[in-house]
Structures are given as C-alpha cells and as structure tokens.
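Listed here are the chains, written in short residue letters.
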Amino acid sequence: DGGITQSPKYLFRKEGQNVTLSCEQNLNHDAMYWYRQDPGQGLRLIYYSQIVNDFQKGDIAEGYSVSREKKESFPLTVTSAQKNPTAFYLCASTGTSGNTIYFGEGSWLTVV
Amino acid sequence: QKEVEQDPGPLSVPEGAIVSLNCTYSNSAFQYFMWYRQYSRKGPELLMYTYSSGNKEDGRFTAQVDKSSKYISLFIRDSQPSDSATYLCAMSDSPAPAGNNRKLIWGLGTSLAVNP
C-alpha cells in the first residue's frame, strides 16, 4: 500500500541528546514536509523540501535539521538546541499537483 | 487576529445528530479549502477539498464555502461514534502548499465526540 511511514511511533530521550525521526514515502511525491503539533497551537511547519537535495526552513526551524538525499526519505533531527522538543511530529508529502497533503501516522517525542 | 479561527470545542452530540463545524478566515486571497479528520494519536487524513465558493458533498459530509463572509463549514449528517475525532480546517491561496509564500494555513481543530 502507498503511504508515508514514520518511525519510531514513540521515542523518549534525555535532555541534551539529538534524536532523528524517520520519514519514508512510497507515493512518488516530490514535496515533503515536517510539522509539529502541540495542544492549543495547531500544526506548525518546521521544514519542507520540494525536490531532492533541496530544503527550506518553515516557521519554526530553529533547533531542527533535515536532509533530502533521496526522493523517498526526509529525516528530521531534533537537536539539543531545540528548547521545547517534546511534541507530536508529523511528516507529510504532496504530489506534482500539490492539491492535497498526505500525512504519516506521526511520532511522539518525549524529552526528559 | 489569527488568519484562521476555529473553535476548539469540545463539541459533544448524540449519535444521529447533524454536526456543524466552522472556520472563519481573514485573508480574502484564500481559494483552496480543506477539512481534515484526525483521530487521537494519529496523523490527519483529508476529508474534503473545495475550490472557491459553493458546496461539495461526499456521503454524509458536506463542505460549504462562503467567500463573501470568509466562512467555511463542514456538516456531518447522521453522525456516528466513529466520527469522534478532531476536525482541522486548512486553506491556501495556492493549490500547492509548498513553500512559505504558498503555505497552508491551519485552524487549531475542533474536538468532536459523538455519543452512542
């Protein structure tokens, strides 16, 4: 089945550690995105990539980094510089028409 | 003022009720409107996509856009317990949500509970 796979679903890390969230899609979509969802704040765009080897900062990129070495993959690293990393992270993608955005199941990150 | 306003609820209705979910917006350039459903601890899934004004129906769901009032609605007929979820509205002035200059603006979501 085509879709977006995020892993791990739940992740616990100690403060000060970097952590990488995986996102893989087999929809043959060009554009991929990372959002963060917090209660009462809705969806906020962290990074997006419209094509391989290119990515742009979203609204809240500080403390995060990404790479786009393959069309199918768009991993997100939450660095120790991110002040409030505990959140629900969503990876998404759109096809060439860009009319609709499809989401993965999300990854819950808890930093203690 | 936020670009998109959505009452977070929670909204609680009995099974079989007609549900009305709404968003208002301030940017008159928005032309593409979407409703997403998000179950607890899951990613959002697209329910309805509409362009410009008018109505669109899909089964028990009807999406309505009133650009003159800058108001969009999602109606759910014969609501079921399986409709219990958070409903997010999203909108854009461009068909492609990529990029900061063409990004998708999200409402905060309305939490709906349909009680059997």
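Residues numbered from 1 in each chain as written. Chains lettered and ligands numbered in written order. Predicted model: local features only at pLDDT ≥ 70, side-chain atom pairs only at ≥ 80, totals over all residues. Heavy atoms only, no water.

Caption draft 1: Representation of the packing of aromatic side chains. A complete count under the given rule lists 13 aromatic pairs over all chains for this structure. For the pair A:Tyr35 and B:Trp106, a centre-to-centre distance of 6.1 Å together with 80° between the ring planes defines the contact as edge-to-face. Taken together, the residues A:Tyr35 in strand 4 (residues 31-38) and B:Trp106 in strand 10 (residues 105-106) connect one chain to another. The exposure class assigned to B:Trp106 is buried, which follows from its relative accessible area of 9%. A centroid spacing of 5.7 Å and a plane angle of 70° characterise the contact between A:Phe103 and B:Trp106, whose relative ring orientation is edge-to-face. A residue pair is termed interchain when its members come from two chains, as with A:Phe103 in strand 10 (residues 102-103) and B:Trp106 in strand 10. Taken as a pair, A:Phe103 and B:Trp106 share a single burial class, namely buried. (Phe/Tyr/Trp six-rings, centres within 6.5 Å; stacked < 30°, edge-to-face > 60°. Helix = DSSP H or I, 4+ residues; strand = E, 2+ residues; numbered from the N terminus. Buried < 20%, exposed > 50% of the residue type's maximum accessible area, 1.4 Å probe, protein only.)

Caption draft 2: Layout of the state of the cysteines. Summed over the entire model, instances satisfying the criterion amount to 2 disulfides over all chains. Between A:Cys23 and A:Cys91 runs a disulfide, and the two sulfur atoms are separated by 1.9 Å. Judged by the torsion about the S-S bond (-75°), the A:Cys23/A:Cys91 disulfide is left-handed. Remark: A:Cys91 occurs in strand 9 (residues 87-94) and A:Cys23 occurs in strand 3 (residues 19-25); sequence separation between them is 68 residues. Just as A:Cys23 is buried, A:Cys91 falls in that class too. Here B:Cys23 connects covalently by a disulfide to B:Cys89, the sulfurs 2.0 Å from one another. Across the S-S bond of B:Cys23 and B:Cys89 the torsion is about -105°, and the bridge reads as left-handed. With B:Cys23 in strand 3 (residues 19-25) and B:Cys89 in strand 9 (residues 85-92), this residue pair connects regions lying 66 residues apart in the sequence. On the accessibility criterion, B:Cys89 (0% relative accessible area) is buried. (Disulfide = S-S within 2.5 Å.)

Caption draft 3: Up close: the sheet that holds strand 3 of chain B. Residue and element names in this part refer to chain B. Taken together, the 5 strands give an open sheet; going across it, the order is 1-3-8-7-6, and neighbouring strands pair in antiparallel fashion. The strands lining the two open edges of the sheet, one partner per strand, are strand 1 (4-5) and strand 6 (54-58). Pairing of strand 3 with strand 8 (residues 71-76) involves 6 bridges; the strand directions are antiparallel. Residue pairing across strands places Thr-24 opposite Tyr-71, the latter belonging to strand 8. (Pairing = 2+ DSSP bridges.)

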